Amino acid sequence: MWQLPSHHPSAAPRESLRGAYRERGGSGIKRRMWQPPERIKHSLPLADWPTAAQAAQARLFSPVAIGPRTAATRTWIPAMVPWRATEDGFVTDDVIAWYSRFAKGKPGVIVVEATGIRDVPSGPLLRIGHDRFVEGLTRLTRAVREASGGESLLFIQLIDFLSIRRRPERDKFFARFLAVTPAHRAALSAHLGRDVGGAAESEIRTLLAAVPDAELANMLTERELSDLRNGARERVTDTDAPHIRDLPKVLPGLFADAAGRAMAAGFDGVELHYAHAYTMASFLSALNTRTDGYGGSREHRARLPLEVISAVQAKVAGQGVVGCRFLSDDVIEGGNRIDDACYFAVEFARAGLDFLSVSKGGKFEDAKQPKVGAAVYPYTGPSGYECMPTIYSDARGPFGRNLSLAAAVRSAVRDAGFTTPVIGAGGIGNFGAAETALADGSVDIVASARQSLADPDWFAKMRSGEGAQIRRCEFTNYCEALDQHHKQVTCKLWDREALDAPGVAMASDGKRRLVAP
């Protein structure tokens with residue numbers, strides 16, 4: 001079962017990324033999260049909410065052109081996976097309620113969760129890989145448009161992902177999953193001090209299973225060790241597998257067809273998911289060493305993403321917005337840094353993308369080891385922390401932590417002569433921080449996921465001068481812990497409130513409400 005789900009670490013010494021995994025949790029939800037070594041608990045920044053008159057003059061609530069559309073404000077709710085679709089990927093009433101609730105706050109843009117472009121099982125996550133999904137997605141766009149009074153643009157994030165398996169039991173790995181090779185026979189012979197090169201494969205498997213963990217590195221390749229300790233995971237560099245080798249042939253068409261369905265369903269645009277741990281980000285990453293013209297140099301790593309952009313633009317044909325979300329920094333060892341991101345941003349702008357949404361980290365390579373029977377989750381290591389920093393942080397803190405990266409991307413794009421809007425995110429939860437980021441040219445649009453989940457009305461409350469009534473996110477990542485456990489995502493600030501009120505939809509555990517009051 002695959003898993004889903006945005007200061008720059010290289011600006012500080014690399015040792016600042018050394019930390020520890022600690023058990024965190026609440027309300028019966030436990031997860032083991034990487035924490036920075038300093039582990040300072042930060043207080044929420046003082047809020048300076050505007051009056052209604054001040055909000056009317058604020059940059060945050062001014063319009064901005066995004067390709068063929070215009071957002072009424074520079075407020076943006078980025079994609080979040082709420083685990084509310086059916087097991088077959090169809091829209092449910094709970095999905096509609098989730099997005100309609102955000103729409104009532106009338107943000108400039110809402111981006112629907114990462115939605116699979118292939119017609120393959122993916123659990124309770126939305127899919128758009130076949131025409132049969134269009135009817136439900138059409139119900140969703142109509143509901144959001146009605147809830148926002150037509151004031152919010154609605155985009156849908158399109159994602160491709162590769163296969164990932166759960167961490168196997170040790171004995172099962174050696175008995176069933178390991179492909180026995182002559183190298184294993186030779187290593188075992190050296191380890192045992194006797195020749196087992198001619199032994200039956202079943203005996204080799206039994207002997208390997210008896211090797212102590214500390215000595216397995218002498219028996220298995222690095223990839224085999226990873227498959228044992230974390231579960232098998234496909235990489236874009238697995239070009240010996242035909243379906244991986246042929247990704248550049250099939251992905252442009254799959255993304256384009258998905259974008260066509262999005263237009264048919266009434267979305268205002270699409271966001272191509274080029275971020276975090278998934279296929280397109282893996283093509284962009286410096287770890288992509290493919291030798292077929294789609295890996296290695298920056299130019300070659302950008303080739304498939306640019307071909308996807310071209311195919312999607314041709315399918316959309318000006319009917320809607322086409323943009324992408326990508327990483328400003330992979331954070332992982334050997335991965336992309338901000339200079340790579342700036343290069344890609346300029347090339348994406350040159351290709352005619354309508355917006356660039358900047359995120360950070362969230363990779364498989366540094367994620368913590370999952371328990372047996374669980375799949376690795378890409379937001380549990382240092383890169384995952386940088387994607388969604390909490391109030392327990394280093395001296396730089398979590399608030400606006402990644403804005404300098406978005407600013408660097410925007411500067412590179414502007415220096416290249418393009419005016420493509422840049423969206424920044426990461427711990428922005430008050431008016432002053434948002435307005436400053438716009439005023440100093442760090443970003444063109446401000447995105448906020450966790451604060452918008454805490455209070456879907458916070459944009460509307462700011463505009464009406466009622467900022468003091470905003471329910472402020474505490475940035476503890478309670479919501480992310482639910483996602484990690486594939487539970488329906490809610491916020492601890494409201495999910496136990498007024499449970500006996502008429503018509504309150506409850507989570508499958510029967511303990512939490514699904515929609516903010």
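Now for a quick tour of the structure. Everything numeric in this text was worked out from a predicted model, so none of it was measured.

Side note on the environment of Glu146
At step 1: Along the chain, Glu146 falls in helix H3 (residues 134-148).
At step 2: With 46 residues separating them in the primary sequence, Glu146 and Ser100 have C-alpha atoms 8.3 Å apart.

Thoughts on the packing of aromatic side chains
At step 1: Applying the stated rule across the entire model yields 15 aromatic pairs.
At step 2: Judged by centre distance (5.6 Å) and plane angle (5°), the rings of Phe155 and Phe355 are stacked. In this pair, Phe155 is assigned in strand S8 (residues 153-159) and Phe355 in the loop between helix H13 (338-350) and strand S11 (356-359), connecting sequence segments 200 residues apart.
At step 3: For Phe155, a relative accessible area of 0% translates into the label buried.
At step 4: Take Phe355: its relative accessible area is 0%, and that puts it in the buried class.
At step 5: Ring plane angle 85° and centroid distance 6.4 Å describe the contact between Tyr278 and Phe364, whose orientation is recorded as edge-to-face. Of this pair, Tyr278 sits in the loop between strand S9 (269-274) and helix H10 (279-284) while Phe364 sits in the loop between S11 and helix H14 (382-387), and the two are 86 residues apart along the sequence.
At step 6: Through pairs of rings, three or more aromatic residues link up here, namely Tyr274, Phe326, Tyr343, Phe344 and Phe348.
At step 7: The ring of Tyr392 has Arg39 sitting right over it, with the charged end atom 4.4 Å from the ring centre.

Observations concerning the packing of helix H5 (residues 182-192) against helix H6 (residues 201-209)
At step 1: Remark: H5 packs on H6, axes separated minimally by 11 Å, with the N-to-C direction vectors making an angle of 55°. Compared by their axis directions, H5 and H6 come out oblique. Of the two elements, H5 crosses H6, and the hand of that crossing is left-handed. On H6, the residues touching His184, Arg185, Leu188 and Leu192 of H5 are Glu201, Ile204, Leu207 and Leu208.
At step 2: Classifying every residue of the contact of H5 with H6 gives five nonpolar, one polar and two charged.

What counts as what
- Residues numbered from 1 in each chain as written.
- Predicted model: local features only at pLDDT ≥ 70, side-chain atom pairs only at ≥ 80, totals over all residues.
- Heavy atoms only, no water.
- Helix = DSSP H or I, 4+ residues; strand = E, 2+ residues; numbered from the N terminus.
- Phe/Tyr/Trp six-rings, centres within 6.5 Å; stacked < 30°, edge-to-face > 60°.
- Buried < 20%, exposed > 50% of the residue type's maximum accessible area, 1.4 Å probe, protein only.
- Lys NZ or Arg CZ within 6 Å of the ring centre and 35° of its normal.
- Axes fitted to C-alpha atoms, helices over the stretch in contact; angles between N-to-C directions.
- Parallel < 35°, antiparallel > 145°, perpendicular 65-115°, else oblique.
- Left-handed = near helix turned anticlockwise from the far one by under 90°.
- Contact = heavy atoms within 4.5 Å.
- Nonpolar A, V, L, I, M, F, W, Y, C, P; charged D, E, K, R; others polar.

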